[in-house]
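Observations on the three-dimensional arrangement
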Amino acid sequence: MSLVWSVTRAALNTNFAALLITVSTAAVLCCALYKAASFVYRTLDSPLRILPGPPNPSVFWGHTRATSKSSHSVLQEKWTEEYGPTISYNSFLSSSRLWTMDTRALQHILTNSYNYQRPPQSRFYISRVLGTGLIMAEEDQHKRQRKITSPAFGSAQIREQTEIFIDKSRLLRDKWVAEVAKSRTGYAQVDAMFWMSKAALDIIGLTSFGHDFGELNAPVGKTGLLSDAFNTIFTTNGVYLLLAIMKGILPFLRIFKTEIEKISENAQNELRRIGRQLVEEKKASIVAASGKGDVEEKNIFGRDLLTLLVKANMATDIPESQRLTDYEILEQFPTFVVVGHETTSTSLSWGLFSLTQNQDVQRKLREELLDVPTENPTMEELQALPYLDMVVKEILRYHSPIPQTNRMAMNDDVIPCSVPYTDRNGVRRDHIRVKKGDIVSIPILALNRYKPYWGKDAMEFKPERWAQPPGATAASIPGVFGNLFSFLCGPRSCIGWRFAIVEMKAILFTLVREFEFELDVPVDMVKKRTAIVQRPVVVGVERKEEGKMPLRVRRYVRV
């Protein structure tokens, strides 16, 4: 009898397991079919399909393969020349994507941040690199976090931090001086991207969190865990980017982790570990200084980022609406460290590249900088140098570190246009209709070099264009600095734009006074590859790519 029961129970268990697997499989398939049907319906129903634009070359790929093979924004720039400033082109499975150079339309999109948010696939990919701090927050959460952190990037705070910018710039200069001294040729071969990343990482660590990562003090040719991780992450290939996007769309793929994802996770965990330690030390020092357990806002002094984060977490008299949880604090560390150093180091690397290709600009800039009687300028002294200001603006215009970002319409909307367009049905329109779920591309780099705004020489590196205020068309570009789109505009504009500008000026001031720069490889070997930012790569034999910016630097001898 017991044997019969055992056999029966085993059969029931087997049947139940099989039934469970069948039901689970059916549920997954139904969910996938529902998502696929919803996607197809949304694609076919999107009003973006009637916008002018290039014909769709592939039902499955759309224009994805073509755009991934070309330099960033080049194809879209070609299409806007042919079809007008407002177009749509096709992404995966023929889904339509809006691309507009119309500044009124872009301002509408960026100032309505509650209705235009990052698409889920972008959120997944970017969060794997930047964490889930301020950059990833949306709506009220973003508004609260930005209000808390904004004072850390005001003019008064940056004025105090300029000394750190200069000190680290001089340390970098001394490293290069030592490299030149060891050379028998009179010049040193350096990887500008490698060194700029080190300097910017040290600077953001000290200024925002009071922590020196010590990258510039590492042995020559060696990188720390963070610097090495960022170099791998930001020079990744298109296959990884495609896989990351697919994981954003199809969550079940996330169980398979690539080597780059593991490296990124390790870097984020290291930053959170450092952050946790710094927060605990900061809290302990505040409690010790106040002499009591319950600390009020008036007992917490300082406007650096770490102090502001801790204040929003532990001050007992701060309203609940202005508080940060422990989790939110720790998520700010990877966000601010990665964004705060990567964009600046990339911009400076491309800036030095442009100086090697424009020796007259390099000489003119050096003459201005050498007229400054100190090697320790203040923020005001840096800001008072007109040609340095022109060069920095032109670097940010011509080499926008982040070439593009995307937004998704959270609700149906009508976007106003300043320049009317004719749709595929021959109808003249002064607005763009979008439906919930439609994707909008924000063309940062393309708008910064759009010929109708910047003139026929828009594709040239020319700092002198900033000697006169931009014309009426360029002046319509919505931005927080110098009619540039590099920092975007609206509630989600770059919070650290003042910081980035003064930091770039401090590093250029120190290096260009001391060195002459040349490119160390043929110029056609240097290419741009985008993995959030536009990092330089050198394409060698057999098309093998290496992420770097190889320069020859020699000490400038003043006659």
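Attention in this report is confined to the structure presented alongside it. Not measured: the values here are computed from a predicted model.

The rules behind these values
Residues numbered from 1 in each chain as written. Predicted model: local features only at pLDDT ≥ 70, side-chain atom pairs only at ≥ 80, totals over all residues. Heavy atoms only, no water. 1 Å grid on protein atoms, 1.4 Å probe; cavity = no way out; pocket = protein on both sides within 12 Å on 5 of 7 lines; lining within 4 Å. Points joined across faces, edges and corners; volume = space filled by probe spheres on them. Nonpolar A, V, L, I, M, F, W, Y, C, P; charged D, E, K, R; others polar. Pairing = 2+ DSSP bridges. Helix = DSSP H or I, 4+ residues; strand = E, 2+ residues; numbered from the N terminus. Axes fitted to C-alpha atoms, helices over the stretch in contact; angles between N-to-C directions. Contact = heavy atoms within 4.5 Å. Buried < 20%, exposed > 50% of the residue type's maximum accessible area, 1.4 Å probe, protein only. Phe/Tyr/Trp six-rings, centres within 6.5 Å; stacked < 30°, edge-to-face > 60°. Lys NZ or Arg CZ within 6 Å of the ring centre and 35° of its normal. Parallel < 35°, antiparallel > 145°, perpendicular 65-115°, else oblique. Left-handed = near helix turned anticlockwise from the far one by under 90°.

The gaps of empty space that remain are located by a probe, the size of a water molecule, rolled over the atoms. Applying the stated rule across the entire model yields four cavities of 30 Å³ or more. Every residue lining the largest cavity is listed: F209, H211, F213, L271, I274, G275, L278, F333 and V337. Residue classes in the lining of the largest cavity are distributed as seven nonpolar, two polar and no charged.

Below, the discussion takes up the sheet that holds strand β9 (residues 515–519). The strand order across the open sheet formed by three strands is β4-β13-β9, and the pairing between neighbours is antiparallel. Strands with a single pairing partner mark the edges of an open sheet, and in this sheet they are β4 (188–191) and β9. Strand-to-strand twist in this sheet, taken as the mean axis angle between neighbours without regard to direction, amounts to 35 degrees. Bridge count between β9 and strand β13 (residues 550–555): five bridges; the pairing is antiparallel. Bridge pairing in β13 links F517 to V553. Where helix α20 (residues 497–514) meets the sheet, its contacts fall on β9 and β13, and the angle it forms with β9 comes to roughly 90 degrees.

To continue, consider the environment of M390. Tracing the backbone through its elements, the reader meets M390 in helix α16 (residues 386–398). Classification of M390 as buried rests on a relative accessible area of 16%. Separated by 76 residues in the primary sequence, M390 and W466 have C-alpha atoms spaced 5.6 Å apart. In contact with M390, other than residues within four places in its own chain, are P463, E464, W466 and A467.

Right, let's talk about the packing of aromatic side chains for a bit. Per the counting criterion, the structure on display carries 18 aromatic pairs. When the centroid spacing of 5.8 Å and the interplanar angle of 50 degrees are considered together, the rings of W61 and F92 count as tilted. Here the residue W61 occupies a position in the loop between α1 (2–45) and α2 (64–69), and F92 occupies one in the loop between β1 (86–90) and β2 (96–100), the gap between them amounting to 31 residues. In this structure W61 comes out as partly exposed when scored by relative accessible area, which is 25%. By relative accessible area, F92 is classed as buried at 15%. Three or more aromatic residues joined by ring pairs make a cluster, and in this case those are F153, F165, F336 and F499. Taking NZ or CZ as reference, R366 lies 5.0 Å from the ring centre of Y556, over its face. Over the ring of W350 we find K528, and its NZ or CZ is 4.8 Å from the ring centre.

Between helix α13 (residues 326–357) and α20, whose axes approach to 10 Å, the crossing angle comes to 40 degrees. The angle between α13 and α20 places the two elements in the oblique class. Judged by the sense of rotation from one axis to the other, the crossing of α13 with α20 is right-handed. Facing G340, T344, S347, L348, L352 and L355 of α13, the residues of α20 in contact are A500, E503, M504, I507, L508 and V512.

Relative to the assigned elements, T344 resides in helix α13. Sequence-distant contacts of T344, that is, excluding residues within four places in its chain, are made with A500, E503 and M504.

Taken in spatial order, the five strands make up an open sheet running β1-β2-β8-β5-β3, and their pairing is mixed. Where the open sheet ends on each side, the last strands, each with one partner, are β1 and β3 (116–117). Direction of pairing for strand β5 (residues 405–409) relative to strand β8 (residues 439–442): antiparallel, over a ladder of four bridges. Among the inter-strand pairings, T405 is bridged to a residue of β8, identified as I442. Packing against the sheet, helix α4 (residues 103–111) makes contact with β2, β3, β5 and β8, and its axis sits at approximately 115 degrees to β8.

All right, on to unusual backbone geometry then. With a phi close to 55 degrees, E139 is a non-glycine residue in the positive phi region. Turning to its location among the elements, E139 is positioned in helix α6 (residues 139–149). The exposure class assigned to E139 is partly exposed, which follows from its relative accessible area of 39%. Positive phi, close to 55 degrees, is recorded for N483, a residue that is not glycine. With respect to the helices and strands, N483 occurs in the loop between α19 (472–475) and α20. Taking the relative accessible area as the measure of exposure, N483 reaches 22% and is therefore partly exposed.

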